[in-house]
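# Close look at the chain arrangement
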Amino acid sequence: KPRAEGKEAIAGSSEKFPDPAPFAGKYEDPRGRWILTFTASDGQLRGLGTTLKRVGENRFIDAGDDVLTFTQGKGATTLSVDMRGTVIYEGSKVEEMKLGDEQLSKFAGAYRSEELDAVYNLTVENHGLVLRIGWNPPVKLTAISGNEFENDEFGTLAFPKESGNATGFGLYADRDRNIGFERVK
């Protein structure tokens with residue numbers, strides 16, 4: 001039913017909706033550490049690889065006909081994604097954290113994954129955490145909490161809360177969930 005109402009709103013309404021800019025940002029679903037990113041410009045909201053169709057003040061439809069509902073309240077903005085009557089994503093907006101070089105340095109080092117047979121090197125550069133994998137270009141990571149870092153193209157690195165230097169992290173990227181990395185240097 002909500003989907004039909006949404007499509008009618010697109011087809012038969014000239015209603016003006018408020019600027020979608022307050023919905024722009026990163027959202028994290030803690031169940032799987034899924035990060036979704038949205039941008040707003042020229043009155044349009046973009047995310048999930050497309051410009052979303054506006055069907056209500058806080059509702060949008062993506063290219064796959066899924067309904068995205070943003071809710072603002074109690075100091076937080078949340079997002080739910082409904083696919084054919086099933087909520088497949090429930091996340092909260094996360095703001096980028098600014099961590100000092102001293103805080104970031106406890107994550108710097110070389111980490112190895114047996115599963116991927118790969119070594120990831122993390123360094124502190126220009127007041128940020130940078131990931132290097134072999135000869136690939138460096139990837140700047142964004143702090144989304146005191147122990148989680150992400151990059152839209154790469155995924156999320158989640159470190160256990162520890163005192164002292166980090167001993168490892170879990171990688172959450174696309175369909176890969178919690179791939180373990182252990183510090184080697």
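Notes on the structure in this doc start here. As the structure is a computational prediction, the values presented were derived from the model and not from experiment. (Residues numbered from 1 in each chain as written. Predicted model: local features only at pLDDT ≥ 70, side-chain atom pairs only at ≥ 80, totals over all residues. Heavy atoms only, no water.)

Strand order in the closed barrel made by the 8 strands is β10-β11-β12-β13-β14-β15-β16-β17, with antiparallel pairing throughout. Direction aside, neighbouring strands of the sheet carry axes that sit 30 degrees apart on average. (Pairing = 2+ DSSP bridges. Helix = DSSP H or I, 4+ residues; strand = E, 2+ residues; numbered from the N terminus. Axes fitted to C-alpha atoms, helices over the stretch in contact; angles between N-to-C directions.)

Moving on, we get to the packing of aromatic side chains. What characterises a pair of aromatic rings is the spacing of the ring centres plus the angle enclosed by the ring planes. Using the criterion set out here, one finds 15 aromatic pairs in the structure. Judged by centre distance (4.6 Å) and plane angle (10 degrees), the rings of Phe-169 and Phe-181 are stacked. With a gap of 12 residues between them, Phe-169 in strand β16 (residues 168-173) and Phe-181 in strand β17 (residues 176-183) connect regions that are remote in the sequence. As far as burial versus exposure is concerned, Phe-169 and Phe-181 are alike and both buried. (Phe/Tyr/Trp six-rings, centres within 6.5 Å; stacked < 30°, edge-to-face > 60°. Buried < 20%, exposed > 50% of the residue type's maximum accessible area, 1.4 Å probe, protein only.)

All right, on to the nonpolar core then. Tyr-120, Leu-122, Phe-149, Leu-157, Phe-159, Phe-169 and Leu-171 are the most contacted members of the largest nonpolar core, which totals 21 residues. Listed by contribution, the elements that provide at least two residues to this core are β11 (118-125), β12 (128-132), β13 (139-143), β16 and β17. Discounting chain neighbours no more than four positions away, the residues touching Leu-171 are Leu-116, Tyr-120, Phe-154, Thr-156, Leu-157, Asp-176, Arg-177, Asn-178, Ile-179 and Phe-181. (Core = buried A, V, L, I, M, F, W, Y, C linked by side-chain atoms within 4.5 Å. Contact = heavy atoms within 4.5 Å.)

What follows deals with the pattern of salt bridges. By the definition in use, this model includes 8 salt bridges. The partner of Arg-31 in a salt bridge is Asp-29, and the shortest N-O contact between them spans 2.6 Å. A salt bridge links Arg-132 to Glu-125, with the shortest nitrogen-to-oxygen separation between them at 2.6 Å. A relative accessible area of 28% means that Glu-125 is categorised as partly exposed. When salt bridges with common partners are traced through the structure, they connect Lys-26, Glu-150 and Asp-152 into a single cluster. (Salt bridge = Lys/Arg side-chain N within 4 Å of Asp/Glu carboxyl O.)

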